[in-house]
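Structure assessment
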Amino acid sequence: MMMLRPFSFSKASFALGFILGLRSMQAAEPTPTPLGTVIQQAFAASAQQYQWLLTHQPLAGKFPRSFEHAKIVAITAKDWTSGFFPGSLWYLFEATGDVQWREAATRFTEQLEQVQYNTGTHDVGFILMSSYGQGYRLTGNPAYRPIILQGALSLCTRFNANIRSLKSWDRPATAFTFPVIIDNLMNLELLLWAARNGGEPQARTIALAHADTGLKNHFRADGSSVHVVDYDPVTGQIIRRITHQGFSHDSSWARGQAWALYGYTMLYRETREARYLTQAEKIAAFIMNHPRLPADKIPYWDFDAPREPEPIRDASAGAIMSSAFFELAGLTKNSTAAAQYAALAEAQLRSLASPAYFATVGTNGGFLLKHSTGNQPKQSEVDVPLNYADYYFLEALHRAQASRSK
């Protein structure tokens, strides 16, 4: 087990004060706890929880993904979620300035070095940008740059010019032909970063082609997205549109909507192409005006899941949405919409930081957030912690903090 130095962000009782303070806030405080205080206390409790995880959970060179049936679920570098834990450690280093988090983040990040050569997954973007990308942003370590650039080259090999998209899953032909999932938008940040930082210029062309194909084929009139579009790789024609992890093919899987919102917001930030901002705002309107968005603003796993019994939540979708809404609020040219986006992002963040979703230190396997849902139709990772929920929660905290300083 890994032993860390005593955490120095605050007094040992700070996490307890965080939980008790949020409980008293929920009890009927006339005035909400200031957002700055919520952010500070959430970072402190997050650091204590992850220190507990590193000290108590047997990882043995692997990465924590979830906690199920009273056991840690640890994965190898090949898993699509492997970069999120090192990314969370980088976010804790950024929040605290404590070198122990830099050391831990570096150790876990460098276990992912071989991912740069993996041409068998579209998730090389998820893995490298959340780990090496965050590490390079915060430290400027020159050894990280070529790894990220090589990862972008590997991702480019999955592009099909007939479809004008990157292939998502490598599945048997009996299941899919050339599937493209909405999640794949998130990997485009790797390509855009590489093109901007001396990598293959064609990476930007590929990223924009994929994004534009998604604009054309993934969305319904109301701004919601299907999960998967399957194509014929020779003709480029659509074979079918389905929602693989949602309630039905016509439903709106919550995390899919979160990926779409985040993806097109990121694309506008990186390119300043107006069509991406327009799409992000359409998705935002669908989410925030949906009659089945719960009062605490943390979505059910699918917006169209049966009402009886009450469907389970997906805190991971809420965290991704909160982070995206904070960024979109700073990018939109509509001041009224900006205020609405920021208000929803804050409401989601406050809910996630409350005892309803944020775990007590030493519980939940050491993960921060409770009540995430991985793949409900397959009964996989249902109502459990997930490492990417923690990552986007910490990112949302940083973005909330940054928005207050503008």
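**Topic: helix α12 (residues 335-352)**
With 18 residues, α12 extends 26 Å from end C-alpha to end C-alpha; this agrees with the ideal 26 Å at 1.5 Å per step. All of the buried residues in α12 are Ala337, Ala338, Tyr341, Leu344, Ala345, Gln348, Leu349, Arg350, Ser351 and Leu352.

**A word on the packing of helix α6 (residues 144-156) against helix α7 (residues 188-196)**
Taken N-terminus to C-terminus, the directions of α6 and α7 make an angle of 120°; their axes are 9 Å apart at the nearest point. Comparing their axes, α7 and α6 come out oblique. Our pair here, α6 against α7, has a crossing hand that is left-handed. Counting all contacts with α6, which are made through Arg145, Ile148, Leu149, Gly151, Ala152, Leu155 and Cys156, the residues of α7 involved are Leu190, Leu191, Trp193 and Ala194. Looking at the contact of α6 with α7, its residues break down into 9 nonpolar, 1 polar and 1 charged.

**Observations regarding the sheet that holds strand β7 (residues 238-242)**
If you walk across this open sheet you meet the 3 strands as β5-β6-β7, and the pairing is antiparallel. What marks the edges here is a single partner per strand, and that holds for β5 (179-181) and β7. Across the sheet, the mean angle separating the axes of adjacent strands is 20° when strand polarity is ignored. Packing against the sheet, helix α8 (residues 202-217) makes contact with β5, β6 (228-231) and β7, and its axis sits at approximately 105° to β6.

**A word on α8**
Between its terminal C-alpha atoms α8 stretches 23 Å, which fits the 22 Å expected from 16 residues at 1.5 Å a residue. Buried within α8 we find Ala203, Ile206, Ala207, Leu208, Ala209, His210, Ala211, Thr213, Gly214 and Asn217.

Cut-offs and rules
Residues numbered from 1 in each chain as written. Predicted model: local features only at pLDDT ≥ 70, side-chain atom pairs only at ≥ 80, totals over all residues. Heavy atoms only, no water. Helix = DSSP H or I, 4+ residues; strand = E, 2+ residues; numbered from the N terminus. Expected span 1.5 Å × (residues − 1). Buried < 20%, exposed > 50% of the residue type's maximum accessible area, 1.4 Å probe, protein only. Axes fitted to C-alpha atoms, helices over the stretch in contact; angles between N-to-C directions. Parallel < 35°, antiparallel > 145°, perpendicular 65-115°, else oblique. Left-handed = near helix turned anticlockwise from the far one by under 90°. Contact = heavy atoms within 4.5 Å. Nonpolar A, V, L, I, M, F, W, Y, C, P; charged D, E, K, R; others polar. Pairing = 2+ DSSP bridges.

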